[in-house]
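# Observations on chain architecture
Residue-level listing of the chains:
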Amino acid sequence: MPGIDECLLEAMRLPGARGAALVDWTSGLALGTVGEAPGGDHEAAAAEAAELARLAAEHGTFTARGQDRPPVEDVIVSNADSYHLLRFVDTSFDSSVFLHLWLGRAEGNLALARIRLGEMAARLVLG
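Quick look at the structure, then. (Residues numbered from 1 in each chain as written. Predicted model: local features only at pLDDT ≥ 70, side-chain atom pairs only at ≥ 80, totals over all residues. Heavy atoms only, no water.)

### Quick look at the pattern of salt bridges
A complete count under the given rule lists six salt bridges for this structure. For Asp-74, the salt bridge goes to Arg-87, with nearest N and O atoms at 3.3 Å. Here Asp-74, found in strand 3 (residues 74-78), pairs with Arg-87, found in strand 4 (residues 82-88); they are 13 residues apart in sequence, far enough to count as distant. When its relative accessible area of 15% is taken as the criterion, Arg-87 is described as buried. With a shortest N-O distance of 3.8 Å, Arg-116 and Glu-119 are connected by a salt bridge. Here Arg-116 pairs with Glu-119, and both are found in helix 3 (residues 110-123), just three residues apart, close to one helical turn. Through salt bridges with shared partners, one network takes in Glu-73, Asp-74, Arg-87 and Arg-114. (Salt bridge = Lys/Arg side-chain N within 4 Å of Asp/Glu carboxyl O. Helix = DSSP H or I, 4+ residues; strand = E, 2+ residues; numbered from the N terminus. Buried < 20%, exposed > 50% of the residue type's maximum accessible area, 1.4 Å probe, protein only.)

So, in structure tokens, the structure goes:
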């Protein structure tokens with residue numbers, strides 16, 4: 001079972017991966033980062049991604065009915081040249097973390113990245 005560093009390095013092996021981070025969406029802190037950061041600053045990117053994750057996770061419109069965890073599976077944001085995939089990590093404790101993968105649009109495969117990031121999140125060992 002991989003830890004944070006192993007998981008992030010595995011994410012970087014996905015085609016088109018530019019950067020990856022494990023972020024706590026309550027505090028906005030990056031628990032681990034690898035590769036480039038959107039805007040050049042991992043901490044700022046983590047804080048901004050956490051705001052988006054928090055909005056999705058805390059509003060009932062976006063959560064699965066009858067389930068407490070994870071509140072949302074993933075969030076995908078696309079722009080002209082890249083995708084941002086936020087994958088919530090389900091843990092045995094009251095976790096509020098997600099994986100953030102920054103993926104180049106021309107080189108990346110969003111469907112493959114979504115599947116693989118879900119697999120990584122399921123195997124990730126925290127603590």
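More follows now that the structure is in view.
### A closer look at the pairing of strand 1 (residues 17-24)
Consecutive side chains along a regular strand alternate between the two faces of the sheet. For strand 1, the tally of buried residues reaches eight of eight residues, placing the bulk of the element in the interior. Note: strand 1 against strand 5 (residues 97-104), seven bridges, orientation antiparallel. Bridging from a neighbouring strand, Ala-20 pairs with Leu-101 of strand 5. Judged from the five bridges that link them, strand 1 and strand 2 (residues 30-35) form a sheet pairing that is antiparallel. (Pairing = 2+ DSSP bridges.)

### A look at the sheet that holds strand 2
For sheets, the rule is that strands pair by backbone hydrogen bonds, running either parallel or antiparallel. With respect to topology, five strands assemble into an open sheet ordered 2-1-5-4-3, the strand pairing being antiparallel. A strand with exactly one partner marks an edge of an open sheet, and here the two such strands are strand 2 and strand 3. Adjacent strand axes in the sheet meet at a mean angle of 10°, parallel and antiparallel pairs treated alike. Its contacts with the sheet put helix 1 (residues 4-12) on strand 1, strand 2 and strand 5, and the angle it makes with strand 1 is roughly 150°. Set on the sheet, helix 3 makes contact with strand 3, strand 4 and strand 5; between it and strand 4 the angle comes to about 25°. (Axes fitted to C-alpha atoms, helices over the stretch in contact; angles between N-to-C directions. Contact = heavy atoms within 4.5 Å.)

### Re the packing of helix 1 against helix 3
The contact between helix 1 and helix 3 brings their axes to 10 Å, and the two run at 170°. For the element pair helix 1 / helix 3, the angle class is roughly antiparallel. Contact with helix 1, carried on its side by Cys-7, Glu-10 and Ala-11, involves Leu-117, Met-120 and Arg-123 of helix 3 and no other residues of that element. (Parallel < 35°, antiparallel > 145°, perpendicular 65-115°, else oblique.)

### Observations regarding empty space enclosed by the protein
The tally for this structure, following the rule as stated, stands at two cavities of 30 Å³ or more. In this structure, the largest cavity spans a volume of roughly 70 Å³. Forming the boundary of the largest cavity are 13 residues, of which Ala-21, Pro-38, His-42, Ala-45 and His-100 lie nearest the centre. Listing elements by their share of the lining of the largest cavity, those giving two or more residues are strand 1, helix 2 (42-58) and strand 5. (1 Å grid on protein atoms, 1.4 Å probe; cavity = no way out; pocket = protein on both sides within 12 Å on 5 of 7 lines; lining within 4 Å. Points joined across faces, edges and corners; volume = space filled by probe spheres on them.)

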